[in-house]
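Spelled out, the chains give:
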Amino acid sequence: MATTHIYDVVVMGGGHAGIEAALATARMGFRTCLVTQNLQTIGQMSCNPAIGGLAKGQLVKEIDALGGEMGRITDVATVQFRMLNRSKGPAVWSPRAQCDRGLYAREARRTLENQRNLDLKQGEITRFETAGGRLTACISSSGHRFECRAAVLCAGTFLNGLLHMGDFQTPGGRVGEAPATGLSEMLMNHGFEVGRLKTGTPPRLDGRTINYSMCEHQPGDGRIIPFSVRTGKPIADQLSCHLTYTNTKTHDILRSGLHRSPLFAGRITGRGPRYCPSIEDKIVRFADKDRHQIFLEPEGWETFEVYMNGFSSSLPEEIQFEALRTVHGLEQTEMMRAGYAVEYDFFPAHQLHYSLETKLVEGLFFAGQINGTTGYEEAAAQGIIAGVNAAQHLKSEPPLILRRDQAYIGVLIDDLITKTPDEPYRMFTSRAEHRLILRQDNADLRLTELGRELGLVSDAQIDSYLEKKQKLNEVRDFLHEAKLEELSESGLLSDPKLKGSRFAAILKRPEADLQGMIQDSPQLGRLRDMKLPEEQLSAVEMDIKYDGYVARERVRAEQAKKWEDVSLPQDLDFSLVHSMSYEAREKLNKYKPVTLGQAGRISGVSPSDSSALLIHLKKSGML
């Protein structure tokens, strides 16, 4: 019999966005219910069981600093860790962890079940009820009514999801799971604009049938750096990944099946990720390439299943199998699961406020792939922001809106809202113009105090943070004040020309290394006795080495912030600003930016259009 449940917040979907959203609202004191189609798939890693990577690692660190759980769960489930981009500047270093798929999901569910104020329910929300433009209830397919004052929709790839493998098509959000139907149509009836996107996944292999001696060994880093500041001692054991390559024979077999590819036959209409194309797309777009790299990545401690990273495909299963057996090391391999593509509905994010609340229905928030992103990390980042702001909405307090110079999360949400990507959006370090001050090692220094103000950061986390902050400041102050008086026996600090120089000045030299200086210099014994972790010393070193660049970056950020402080009237008719281009007026009327800074970042709005708008505001007495 259908029943009525009363909650403050309902979160729809148990993926990475839903997990963070539900935990945030519950921890901020609101009775929350997470409703998902299948409780057994909470925290499921639908594609590669890996967290982090280029720019994505920064997102995970920021989620952790705000009090979210993705980083901590990753540390529990890590099977291999690597810090990417170490050969480049520290602004683009990014942590990445290969995870145990099953362990990650189990820890995610355990975390949800142990959270006060949070209930888990299995069901499918198919419609909403509103009154006066405000959300009042969510209704399940079985008729259960969840009365609430706010809701976060985290639908992933399930909205009218359609799976493709060669000539075969079947409705589904991912293989073996039914799509969510009815929600898209209901939202369109409310006036929402809907689009269509596509993503895909590669075959999974039986690791016992792989000849790893034919592949390049890819070990993890010698030392695992935890994603979460709450992780004590990380695991020491790691599993190896391996690298191999396709070849011309592989490509010939793939080409033979292109006529049966749903991508090339036109059966897939949604736009896929340009930066992560399927293998059949690669051999067409990069026809001059004789090979493409394939990473063989383990799926966990207690399984032989291996993820074939770089071989995403929606070709017929037999073509996939024949082609992969031409790859070095895979000549005798067995395929456990074939790759496939999934097409799904999304709702362009210009229909959202920066809080991720929809403009058309008060109290309804969107997070994750429904906004046009791809990736677990982008979803979780939106989830925690949507959850926080659902709680802020219920408290009638200002929303949490992170600036582009404050967090990668701010870059992510601003890009989604102002640029409305026409392909699945993935975070890159190149998207962040202030990336030098948004490093992965200082996320806690940027955001922990903010998380504490919101009620998400525990006493233990804030105490640890304050202790770390004090120690880092102590180290910085010492290096800026102390001078080299006693030369070391060897190394950089044995140079008589450096005597009398402040240690901070010496550290700016290209060949200088803080850890080496601490080991060599008797004067730095005080710092040696502090026994700070390697990553904390590296953070101090980077701050000192790049402080001139960072200072200039902050000046640019402050200049940009001035435009963010210029609010635009929400009833402003941009078509009346005749000195702007037609495209700019059309885009601005569609997107309805809230500040002059946001207006200037919208695609099609030039600097001269921004200047014309500013002049119009002044002449009209709006400024």
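Residues numbered from 1 in each chain as written. Predicted model: local features only at pLDDT ≥ 70, side-chain atom pairs only at ≥ 80, totals over all residues. Heavy atoms only, no water.

A.B. asks: I'd love a proper account of the domain arrangement of the chain, names of residues and values included.
C.D. replies: Assigned domains of the chain: these are domain 1 (1-454), domain 2 (459-546) and domain 3 (566-619). For domain 1 and domain 3, the distance between their C-alpha centroids amounts to 34 Å. Facing 10 residues of domain 1, the contacting portion of domain 3 comprises eight residues. Our count for the contact surface shared by domain 1 and domain 3 stands at one salt bridge. Notably, a salt bridge pairs Arg-601 with Asp-414, separated by 2.5 Å at the nearest N-O pair. (Domains from an automatic or database assignment. Contact = heavy atoms within 4.5 Å. Salt bridge = Lys/Arg side-chain N within 4 Å of Asp/Glu carboxyl O.)

A.B. asks: Quick rundown of the state of the cysteines? Include the residues and the values.
C.D. replies: A full pass over the atoms with the stated rule returns zero disulfides. Here Cys-99 stays free of any disulfide, with the sulfur of Cys-241 as its closest cysteine sulfur at 11 Å. (Disulfide = S-S within 2.5 Å.)

A.B. asks: I'd like a description of unusual backbone geometry, backed by residues and values.
C.D. replies: What is expected of a backbone is that most residues other than glycine have negative phi and most peptide bonds are trans. Despite not being glycine, Ala-55 shows a phi value in the positive range, around 70°. Tracing the chain through its elements places Ala-55 in the loop between β4 (50-52) and α2 (56-66). Judged by its relative accessible area of 0%, Ala-55 falls in the buried class. (Helix = DSSP H or I, 4+ residues; strand = E, 2+ residues; numbered from the N terminus. Buried < 20%, exposed > 50% of the residue type's maximum accessible area, 1.4 Å probe, protein only.)

A.B. asks: Describe the pattern of salt bridges, listing the residues and the values that go with them.
C.D. replies: In this structure the tally under the stated criterion is 51 salt bridges. One salt bridge connects Glu-147 with Arg-145, and the closest N-O pair in it is separated by 3.2 Å. The class for Arg-145 is partly exposed, based on a relative accessible area of 23%. Residue Arg-196 pairs with Glu-343 through a salt bridge whose shortest N-O separation is 4.0 Å. Remark: Glu-343 occurs in strand β21 (residues 340-346) and Arg-196 occurs in strand β14 (residues 195-201); sequence separation between them is 147 residues.

A.B. asks: Tell me about helix α4 (residues 101-113), and name the residues and values.
C.D. replies: Under the 1.5 Å per step criterion, the end-to-end length of α4 is 19 Å for 13 residues, consistent within 8% with the ideal 18 Å. Backbone nitrogen of Gly-102 and a side-chain oxygen of the N-cap are separated by 3.1 Å at the start of α4; the cap is Asp-100. (Expected span 1.5 Å × (residues − 1). Polar contact = N/O pair within 3.5 Å; in protein donor to acceptor, adjacent residues only side chain to side chain.)

A.B. asks: Tell me what's going on with the nonpolar core, and back it up with residues and numbers.
C.D. replies: In this structure, Phe-128 and Ile-409 are the most contacted members of the largest nonpolar core, which totals 106 residues. When residues of this core are assigned to their parent elements, the largest contribution, 11 residues, is made by helix α9 (residues 376-394). When residues no more than four places from it in sequence are discounted, the contact partners of Phe-128 are Met-12, Leu-135, Ala-137, Cys-138, Leu-153, Leu-183, Met-186, Leu-187 and Leu-364. Within the second largest apolar cluster, 24 residues are counted, among which are Leu-498, Ile-506, Leu-524 and Leu-527. (Core = buried A, V, L, I, M, F, W, Y, C linked by side-chain atoms within 4.5 Å.)

A.B. asks: Could you give me a rundown of the pairing of strand β2 (residues 9-12), with the residues and numbers involved?
C.D. replies: In β2, alternate side chains face the same way, and those of Val-9 and Val-11 on one face and Val-10 and Met-12 on the other are all buried. Here β2 pairs with strand β3 (residues 32-36) via four bridges, running parallel. Among the inter-strand pairings, Val-9 is bridged to a residue of β3, identified as Thr-32. Pairing between β2 and strand β11 (residues 150-153): four bridges, direction parallel. (Pairing = 2+ DSSP bridges.)

A.B. asks: Explain the packing of α2 against α9 to me, using residue names and the numbers behind them.
C.D. replies: Remark: α2 packs on α9, axes separated minimally by 9 Å, with the N-to-C direction vectors making an angle of 25°. In terms of orientation, α2 and α9 fall into the roughly parallel class. In this structure, α2 crosses over α9, and the sense of that crossing is left-handed. Residues Lys-56, Leu-59, Val-60, Ile-63 and Leu-66 of α2 lie in contact with α9, whose contacting residues are Glu-377, Glu-378, Ala-380, Ala-381, Ile-384 and Ile-385. In the contact of α2 with α9, the residues fall into eight nonpolar, no polar and three charged. (Axes fitted to C-alpha atoms, helices over the stretch in contact; angles between N-to-C directions. Parallel < 35°, antiparallel > 145°, perpendicular 65-115°, else oblique. Left-handed = near helix turned anticlockwise from the far one by under 90°. Nonpolar A, V, L, I, M, F, W, Y, C, P; charged D, E, K, R; others polar.)

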